[in-house]
Amino acid sequence: MRKQSAYARKRNHQAQACTYSILTELSASPTEPMPLQRRSYQLTRMWQGLTAIERAPEPTKDDWRVCSDAVNLMETLITANHGYWLDCDGEVVRVEDTQGLLQDAITALAMAGKRNLKGGNIRLDGQGLVAVRGILEDYATILETLPERTLIKAHRLTEKRILDILRGKTQPHDIEIIDL
C-alpha cells in the first residue's frame, strides 16, 4: 500500500468536502422549500447534537459538527448578499441576527472544540446553549421560508468559505477553525 503525500491527503479532503454540486443547486426548486423529509432529517440531527452536548455523558465530535454546520450556514445566510434572499414566493426577505446570537454561538462552539482538543468534554456554557439554540430555531424557520435552491447555494458558499479558511484565506472576523 502506497502512502499519500500530505498534499494528496489535503486535496482528497477538499474534494470530499463538497456536499452539493452546482448541478444539484441548479436542479433544486427555486420556489419550493426543501422536501419535508430532508428538512426533518437536518433538524433532527442538529437538535440531537445540541441535546447531546447539553446532556449526554460524553458528547461526540459529530454532535459538535452538526451544531457547527447549522451556525456556519446561518452565518452565510446572514452575511452573503447582506442577508437578502428571495423566499418561496419570490419576495425579498432579509435574514438577520436581530438578537445578536450568532457571534455568541460561534464563540461558544469554538471554545467547546478547543476544550475537547485539550481532552475535555464538548460542552457549552449557559450563554452558549442559549445562543446555539436560538440559531437552530432561526435555521428551522429559514428551512421553511427559503427555497431549496437558495439553501443549497448557501451550503455551497459555506463550504467554499470554510475551504478558503483552511487554505489560509481568512477574513478579519474569522474565528480559528477547529476540525474535531
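Residues numbered from 1 in each chain as written. Predicted model: local features only at pLDDT ≥ 70, side-chain atom pairs only at ≥ 80, totals over all residues. Heavy atoms only, no water.

On a plain count of helices and strands, the chain comes out with seven helices and two strands. Taken over 180 residues, the chain has a buried fraction of 42%. In the form shown here, the chain has an accessible surface area of approximately 10,700 Å², with 52% of it arising from carbon and sulfur atoms. (Helix = DSSP H or I, 4+ residues; strand = E, 2+ residues; numbered from the N terminus. Buried < 20%, exposed > 50% of the residue type's maximum accessible area, 1.4 Å probe, protein only. Areas by Shrake-Rupley, 256 points an atom, 1.4 Å probe, with all protein chains shown as cover.)

With that settled, the discussion passes to the packing of helix α4 (residues 61–79) against helix α5 (residues 102–117). Following both chains from N to C, one finds α4 and α5 inclined at 150 degrees, their axes separated by 10 Å at the closest point. Considering the angle they form, α4 stands roughly antiparallel to α5. Here α4 runs over α5; the crossing is left-handed. Here α4 contributes K61, W64, C67, S68, V71, E75 and I78 to the contact with α5, which in turn contributes L102, A105, I106, L109, A112, G113 and N116. Here the contact of α4 with α5 is built from residues that sort into nine nonpolar, three polar and two charged. (Axes fitted to C-alpha atoms, helices over the stretch in contact; angles between N-to-C directions. Parallel < 35°, antiparallel > 145°, perpendicular 65-115°, else oblique. Left-handed = near helix turned anticlockwise from the far one by under 90°. Contact = heavy atoms within 4.5 Å. Nonpolar A, V, L, I, M, F, W, Y, C, P; charged D, E, K, R; others polar.)

Looking now at the environment of L73. You can see L73 is positioned in helix α4. In this structure the C-alpha to C-alpha distance between L73 and A154, which are 81 residues apart in sequence, comes to 6.6 Å. Excluding residues within four positions of it along the chain, L73 makes contact with Y139, A154, H155 and T158.

Once that is clear, we can look at the pattern of salt bridges. By the definition in use, this model includes eight salt bridges. For D62, the salt bridge goes to R45, with nearest N and O atoms at 2.7 Å. Remark: R45 occurs in helix α3 (residues 36–55) and D62 occurs in helix α4; sequence separation between them is 17 residues. Accessibility expressed as a relative area gives 37% for D62, which makes it partly exposed. Salt bridges sharing partners connect three or more residues here, namely K160, D164 and R167. (Salt bridge = Lys/Arg side-chain N within 4 Å of Asp/Glu carboxyl O.)

On to the packing of α3 against helix α6 (residues 126–145), then. Packing of α3 against α6 brings their axes to within 11 Å, and their N-to-C directions diverge by 175 degrees. Between α3 and α6, the interaxial angle falls into the category roughly antiparallel. Residue-level inspection shows R39, Q42, L43, M46, W47, L50 and E54 of α3 in contact with α6, the latter providing L129, V132, R133, L136, E137, Y139, A140, L143 and E144. Here the contact of α3 with α6 is composed, by residue class, of 10 nonpolar, one polar and five charged.

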